[in-house]
Amino acid sequence: MSIWIRGNRQIVYKKPFKMTFRFAKNYLFDLFGSILYIFYMDRIHMERKKGSKYKVCICGIFKNEGNYLKEWIEYHKIVGVEHFFLYNNNSSDDFITVLQPYIDDGVVTLIEWVKEHDQMGAYRHCISNYRTDSDWIGFIDIDEFVVPIEENTIIEILRYFENRPAVLVYWKFFGFGGLMDRPKDTLVTESFVVCGEKLSNTGKVFYNTKYDFAFDDKRNSILHHIMWCKYKNRISLPTVNIFDKVCFFFEGIAFSRNRCLMQINHYFSKSRDEYFEKIGKGDVFFAENSHTIDYWFAQEEICNSADYKIFKYMARLKSALIKGEDY
């Protein structure tokens, strides 16, 4: 069962909220704390350090996902991603054949990350070693596609958030759409359009690298969902969501009635056969894989709509994949 909190007409919550003292306290803290933090952040005018090579990069970690890398990279190049920091977590497939041309062209930096279930360690390594290379770094998985809605590129939207340390972009879950299997020559982004009616209250962040990352903050244990940064390495600053509302908690109230500027299409299952293959691969975060048959059924039950927003890029994507050309 899910509910919508008043003021969150575009976001669906995974479980109902009970009106407890703790919930009421967090609700009020989010409401008034958000107002104060936005007021404060609007008055911070930090100059971006010179010398960064890129405006937007993506950091991702993968395990046996070579079949999906080309479409994922080519798509994100179209929406403005200039470089990819990719961490290989002990893959046994032929991923290098896909990645080598991008490595040779300077589009991909490949890092071998051998420690199992250490996704956060890889992300921290990326921040420590590559923060100065890019104005923004997004932390997303290979089954996630960032879709600008109000504009056509990611950087056009992130420009609205120059005074924010990190921006949370919400997932929209896409289901299998009745496909038991999928021909290998078809695209993920074209094959799956059945999805949840509303956005999930969880997503992934884009980190504004002119702010310091709070390495010692315990709240950064899941930094790709919610990130805490620091202003001049002193004052802690929280993530804002894509509606420019502060998110103090992992599944914060996230007040908003604004239009959504950007979403992340989360193709968590793809076809049924691909989902079962995914279960057998192991996970880069969870030691005990959370992707079970019951999880699949539960997610499919919310997929009762269709979303074609990503199709505005389909002509460019197919041209890039078939002809190997940039448009």
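Residues numbered from 1 in each chain as written. Predicted model: local features only at pLDDT ≥ 70, side-chain atom pairs only at ≥ 80, totals over all residues. Heavy atoms only, no water.

**Topic: the confidence of the model for the protein chain**
Then step 1. On average, residues of the protein chain score 88 in pLDDT, and 88% of them are at 70 or above.
Then step 2. Under a pLDDT of 50 for its full length, residues 1-7 has, in the predicted model, 21 contacts with residues more than four places off or in other chains. (pLDDT = per-residue confidence, 0-100. Contact = heavy atoms within 4.5 Å.)

**Some points on the sheet that holds strand E12 (residues 229-231)**
Then step 1. Strand order in the open sheet formed by three strands is E11-E12-E13, with antiparallel pairing between adjacent strands. Either end of the sheet is taken by a strand with one partner, and the two such strands are strand E11 (212-213) and strand E13 (235-237).
Then step 2. For E12 and E13, the ladder comprises three bridges, and the chain directions are antiparallel. Paired with Tyr-231 across the two strands is Ile-235, which belongs to E13. (Pairing = 2+ DSSP bridges. Helix = DSSP H or I, 4+ residues; strand = E, 2+ residues; numbered from the N terminus.)

**Points about the environment of Cys-57**
Then step 1. By the element assignment, Cys-57 lies in strand E2 (residues 54-62).
Then step 2. C-alpha of Cys-57 to C-alpha of Phe-85: the two residues are 28 residues apart in sequence and 7.5 Å apart in space.

**Topic: helix H8 (residues 293-300)**
Then step 1. For H8, the full list of buried residues reads Trp-296, Gln-299 and Glu-300. Projected down its long axis, H8 carries its buried residues within an arc of 100 degrees, all on one side.
Then step 2. Elements that come into contact with the buried residues of H8 comprise strand E7 (166-173), helix H7 (272-281) and strand E17 (303-306). (Buried < 20%, exposed > 50% of the residue type's maximum accessible area, 1.4 Å probe, protein only. Arc of directions from axis to C-beta.)

**Quick look at the state of the cysteines**
Then step 1. Within the structure shown, the criterion is met by zero disulfides.
Then step 2. There is no disulfide at Cys-195, and the cysteine sulfur nearest it, in Cys-303, is 6.8 Å away. (Disulfide = S-S within 2.5 Å.)

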